Amino acid sequence: MKRKPFIAGNWKMHNTIAESTALAAAIAKSKENKNQADILVAPSYTSLASVAQTVKGTKILVAAQDVHFEEKGAFTSAVSPSQIKDAGATHVIIGHSERRSLFGDTDGILNKKLAAAFKHNLVPVFCVGETLAEREAGKTLSVIESQLGNGLAGFTAEQLKTLIIAYEPVWAIGTGKTATPQQAQEVHASIRKYMEKYGKDFAAKIIILYGGSVKTDNADAIMAEPDVDGALVGGQSLVAEQFIRIINFNANK
Ligand code: PGA
């Protein structure tokens with residue numbers, strides 16, 4: 001099954017509005033996209049509308065980095081699905097490990113956020129991943145299965161049809177330590193196998209990204225793995241030339 005490559009940049013808590021729009025414009029200006037990859041950028045809330053405006057009419061997609069599950073109300077500091085849509089987001093990252101570990105997003109909360117995203121036709125990029133202690137204890141696959149099982153509980157295959165999954169080992173995020181291509185492939189294959197519960201065809205089609213210190217010098221090897229369909233890039237997505245190089249990975253697939 002040939003799946004379209006998907007390269008996403010998670011800008012985290014970086015960049016002013018001017019810096020974000022300059023970065024978005026530089027990425028949009030590069031017409032080089034030899035893998036015909038889908039390209040997504042996730043600026044912080046303050047830059048969302050300006051970045052969406054900057055890339056309007058280009059192929060670049062825009063995501064929010066999180067969303068609240070309620071529609072509106074007394075939820076000081078939270079941002080709702082319709083607000084991020086209004087700002088121009090079509091996608092939303094849900095369950096990033098920093099949200100899980102620093103802001104208390106539990107599997108139950110993430111399940112509600114996913115429901116809110118589906119309800120508003122926002123495409124979720126749902127992140128899962130094990131900590132170093134969990135990997136060393138041999139629990140990687142069971143942790144991922146439990147995050148998937150709890151996060152996706154109650155949804156039908158029809159509801160999940162736009163879902164994108166990102167495997168991001170917590171120990172590889174922002175640490176410079178990347179999973180080896182073999183480690184990534186092993187987990188990606190097991191995620192795809194797990195998703196067969198929604199149908200073999202569903203599992204064959206779902207896009208699974210790898211994230212965790214993806215860089216210009218390791219993207220080719222990671223992208224060459226058969227079950228790695230794309231990348232969720234943090235640090236190196238903040239520099240246009242680096243992100244563009246990753247978009248134009250040489251995987252010879
Ligand atoms: P990193 O971040 O590429 O800086 O490791 C990845 C992520 O957190 O999505």
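Residues numbered from 1 in each chain as written. Predicted model: local features only at pLDDT ≥ 70, side-chain atom pairs only at ≥ 80, totals over all residues. Heavy atoms only, no water.

1. Brief notes about the packing of aromatic side chains
Part 1: Tallied over the entire structure, the rule returns 3 aromatic pairs.
Part 2: Between Phe 118 and Phe 155, the aromatic rings sit 5.1 Å apart at their centres with planes inclined by 75°, giving edge-to-face as the arrangement. Taken together, the residues span a long stretch of sequence, with Phe 118 in helix α5 (residues 107-119) and Phe 155 in the loop between α7 (140-151) and β6 (164-167) at a distance of 37 residues.
Part 3: Residue class for Phe 118 comes out buried when judged on its relative accessible area of 12%.
Part 4: Take Phe 155: its relative accessible area is 11%, and that puts it in the buried class.
Part 5: Taking 5.4 Å as the distance between ring centres and 45° as the angle between the ring planes, the aromatic pair formed by Tyr 198 and Phe 202 counts as tilted. Taken as a pair, Tyr 198 and Phe 202 share a single burial class, namely buried. (Phe/Tyr/Trp six-rings, centres within 6.5 Å; stacked < 30°, edge-to-face > 60°. Helix = DSSP H or I, 4+ residues; strand = E, 2+ residues; numbered from the N terminus. Buried < 20%, exposed > 50% of the residue type's maximum accessible area, 1.4 Å probe, protein only.)

2. Some points on the site of the ligand
Part 1: Close to the ligand lie 13 residues; Lys 12, His 96, Glu 168, Gly 174 and Ser 213 are nearest.
Part 2: Between an oxygen atom of the ligand and a side-chain N or O atom of Glu 168, the distance comes to 2.7 Å.
Part 3: In this structure, Gly 174 approaches the ligand through a main-chain N or O atom, which is 2.6 Å from an oxygen atom.
Part 4: Protein burial of the ligand: of its 280 Å² of free accessible surface, 95% is covered by the chains. (Near = heavy atom within 4 Å. Polar contact = N/O pair within 3.5 Å; in protein donor to acceptor, adjacent residues only side chain to side chain. Areas by Shrake-Rupley, 256 points an atom, 1.4 Å probe, with all protein chains shown as cover.)

3. Comments concerning the environment of Gln 159
Part 1: Looking at where Gln 159 falls in the secondary structure, it is placed in the loop between α7 and β6.
Part 2: You can call Gln 159 partly exposed: its relative accessible area is 37%.
Part 3: Sequence-wise, Gln 159 and Asn 121 are 38 residues apart; in three dimensions their C-alpha atoms are separated by 9.8 Å.
Part 4: Filtering out sequence-adjacent residues up to four positions away, Gln 159 remains in contact with Phe 118 and Gly 154.
Part 5: A polar atom in the side chain of Gln 159 sits 2.9 Å from the backbone nitrogen of Thr 156. (Contact = heavy atoms within 4.5 Å.)

4. Topic: the packing of α7 against helix α8 (residues 181-194)
Part 1: Between α7 and α8, the least distance of the axes is 11 Å, while the angle of their chain directions is 40°. On the basis of the axis angle, α7 is oblique to α8. In this structure, α7 meets α8 at a crossing whose hand is right-handed. Here Thr 140, Leu 141, Ile 144, Glu 145, Leu 148 and Gly 149 of α7 lie close against α8, whose contacting residues are Glu 186, Val 187, Ser 190, Ile 191 and Tyr 194.
Part 2: Looking at side-chain class alone, the contact of α7 with α8 contains 6 nonpolar, 3 polar and 2 charged residues. (Axes fitted to C-alpha atoms, helices over the stretch in contact; angles between N-to-C directions. Parallel < 35°, antiparallel > 145°, perpendicular 65-115°, else oblique. Left-handed = near helix turned anticlockwise from the far one by under 90°. Nonpolar A, V, L, I, M, F, W, Y, C, P; charged D, E, K, R; others polar.)

5. As for the pattern of salt bridges
Between side chains of opposite charge, pairing is possible as soon as their charged atoms come close.
Part 1: The tally for this structure, following the rule as stated, stands at 18 salt bridges.
Part 2: Linking Asp 38 and Lys 4 is a salt bridge whose minimum nitrogen-to-oxygen distance equals 2.8 Å. Of this pair, Asp 38 sits in strand β2 (residues 38-42) while Lys 4 is found in the segment before β1 (6-10), placing the two residues 34 residues apart along the sequence.
Part 3: Looking at Asp 38, the relative accessible area reads 24%, which means it is partly exposed.
Part 4: The class for Lys 4 is partly exposed, based on a relative accessible area of 45%.
Part 5: If you follow the salt bridges from partner to partner, you end up with Arg 3, Arg 192, Asp 227 and Asp 229 in one network. (Salt bridge = Lys/Arg side-chain N within 4 Å of Asp/Glu carboxyl O.)

6. Structural notes on the pairing of strand β4 (residues 91-94)
Part 1: Residues of β4 alternate between two faces, with His 91 and Ile 93 on one and Val 92 and Ile 94 on the opposite face, all of them buried.
Part 2: In this sheet, β4 lies alongside strand β3 (residues 60-64) in parallel orientation, the contact comprising 2 bridges. Following the sheet pairing, Ala 63 is matched in β4 by His 91.
Part 3: The β-α-β motif built from β3, the intervening helix α3 (residues 81-87) and the parallel element β4 has right-handed crossover chirality.
Part 4: Direction of pairing for β4 relative to strand β5 (residues 123-128): parallel, over a ladder of 4 bridges. Residue pairing across strands places His 91 opposite Val 123, the latter belonging to β5. (Pairing = 2+ DSSP bridges. Right-handed = clockwise from strand over helix to strand, strands pointing away.)

7. A look at the side chain of Arg 135
Part 1: Tracing the backbone shows Arg 135 in helix α6 (residues 132-136).
Part 2: Judged by its relative accessible area of 19%, Arg 135 falls in the buried class.
Part 3: A polar side-chain atom of Arg 135 sits 2.8 Å from a polar atom in the side chain of Glu 130.

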